[in-house]
2 protein chains.
Amino acid sequence: MPINNSTHIANYDSALRALGDNLKRIRRQFSISQEQLAERCGLHRTYVGAVERGERNPSLTSLLRLSHGLGIPLSELVYGVDQ
Amino acid sequence: MPINNSTHIANYDSALRALGDNLKRIRRQFSISQEQLAERCGLHRTYVGAVERGERNPSLTSLLRLSHGLGIPLSELVYGVDQ
């Protein structure tokens, strides 16, 4: 197993943007508004919007709220954010 | 796509413990100490220990630091935590 010595992903901003893109794309696929998703997740609509813009660094439980609100596995929501 | 109406996963604690179990198991598979992993990730050793005990709710970027420090995809680190 190749252990990569560099300890930090160069640019976490791109990971947060990739997460936001995933969230927006999947939400739209299911024709759910930010408001509807926020209500399902017990999160504020403005928070959902900020995550979609890559402006928030959600915790694991917030990620689980979002994936659960969409009815998808967590792995699908975070797919590719570490590429 | 079945949208589950319950907006919250009943018990986020179990998700955090599942993440901790994943982290400990994978870290041990690669024979890395908490200290070594913390150093690779730019995190404090006590933080790594707390995550392993399910006592922390890591952000996405902390999860990426941990998966990157182990040299594994994020999806492997969070595998099954939403079960």
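Before reading further, recall that the structure is shown in the block above.
First things first, this report covers the structure right here in the doc. This one's a predicted model, so the numbers in the text were calculated from it and none came from an experiment.

Some points on the packing of helix α1 (residues 12–29) of chain A against helix α4 (residues 60–70) of chain B
- The N-to-C vectors of α1 of chain A and α4 of chain B enclose an angle of 115°; their axes lie 10 Å apart at closest approach. For the crossing formed where α1 of chain A meets α4 of chain B, the hand is right-handed. For the pair α1 of chain A and α4 of chain B, contact is made by Tyr12, Ala15, Leu16 and Leu19 of chain A and by Leu60, Thr61, Leu64 and Arg65 of chain B, respectively.
- Within the contact of α1 of chain A with α4 of chain B, the residues separate by chemical class into 6 nonpolar, 1 polar and 1 charged.

Some words on the side chain of Ser59 of chain A
- Mapped onto the fold, Ser59 of chain A is located in the loop between α3 (45–52) and α4 (60–70).
- With a relative accessible area of 15%, Ser59 of chain A lands in the buried category.
- Discounting residues that sit within four places of it in the chain, Ser59 of chain A has contacts with Asn57, Pro58 and Ser59 of chain B.

Description of the nonpolar core
- Of all hydrophobic cores here, the largest spans 48 residues; its most connected members are Leu66 of chain A together with Leu66 of chain B.
- With sequence-adjacent residues up to four places away left out, Leu66 of chain A is seen in contact with Leu23, Leu37, Cys41, Leu43, Val48, Val51 and Leu77 of chain A.

With respect to α4 of chain B
- Taking burial as the measure, the 11 residues of α4 of chain B include 10 buried ones, the bulk of the element.
- Of all the positions in α4 of chain B, only Leu60, Thr61, Ser62, Leu63, Leu64, Leu66, Ser67, His68, Gly69 and Leu70 of chain B are classed as buried.
- Elements that come into contact with the buried residues of α4 of chain B comprise α1 and α4 of chain A together with α1 (12–29), α2 (34–41), α3 (45–52) and α5 (74–77) of chain B.

With respect to the pattern of salt bridges
Residue and element names in this part refer to chain A.
- Counted by the stated rule, this structure contains 4 salt bridges over all chains.
- Here Glu52 and Arg27 are joined by a salt bridge, their closest N and O atoms 2.6 Å apart. Of the two residues, Glu52 is situated in helix α3 and Arg27 in helix α1; the sequence distance between them amounts to 25 residues.
- For Arg27, a relative accessible area of 7% translates into the label buried.

A look at the side chain of Ser62 of chain B
- Summarising the element assignment, Ser62 of chain B is placed in helix α4.
- Among all residues touching Ser62 of chain B, those that are not within four sequence positions of it are Leu43 and Tyr47 of chain B.

Examining the environment of Glu52 of chain B
Residues and elements named next belong to chain B.
- With relative accessibility at 3%, the residue Glu52 sits in the buried group.
- Measuring from C-alpha to C-alpha, the distance between Glu52 and Leu23 comes to 6.1 Å, with 29 residues separating the pair along the chain.
- Residues within four places of Glu52 in sequence aside, it is in contact with Gly20, Asp21, Leu23, Lys24, Arg27 and Gln34.
- Reaching out from Glu52, the side chain makes a polar contact with the side chain of Arg27 at a distance of 2.6 Å.

Cut-offs applied
- Residues numbered from 1 in each chain as written.
- Chains lettered and ligands numbered in written order.
- Predicted model: local features only at pLDDT ≥ 70, side-chain atom pairs only at ≥ 80, totals over all residues.
- Heavy atoms only, no water.
- Axes fitted to C-alpha atoms, helices over the stretch in contact; angles between N-to-C directions.
- Helix = DSSP H or I, 4+ residues; strand = E, 2+ residues; numbered from the N terminus.
- Left-handed = near helix turned anticlockwise from the far one by under 90°.
- Contact = heavy atoms within 4.5 Å.
- Nonpolar A, V, L, I, M, F, W, Y, C, P; charged D, E, K, R; others polar.
- Buried < 20%, exposed > 50% of the residue type's maximum accessible area, 1.4 Å probe, protein only.
- Core = buried A, V, L, I, M, F, W, Y, C linked by side-chain atoms within 4.5 Å.
- Salt bridge = Lys/Arg side-chain N within 4 Å of Asp/Glu carboxyl O.
- Polar contact = N/O pair within 3.5 Å; in protein donor to acceptor, adjacent residues only side chain to side chain.

Read these as layout, nothing more, since geometry by itself doesn't imply function.
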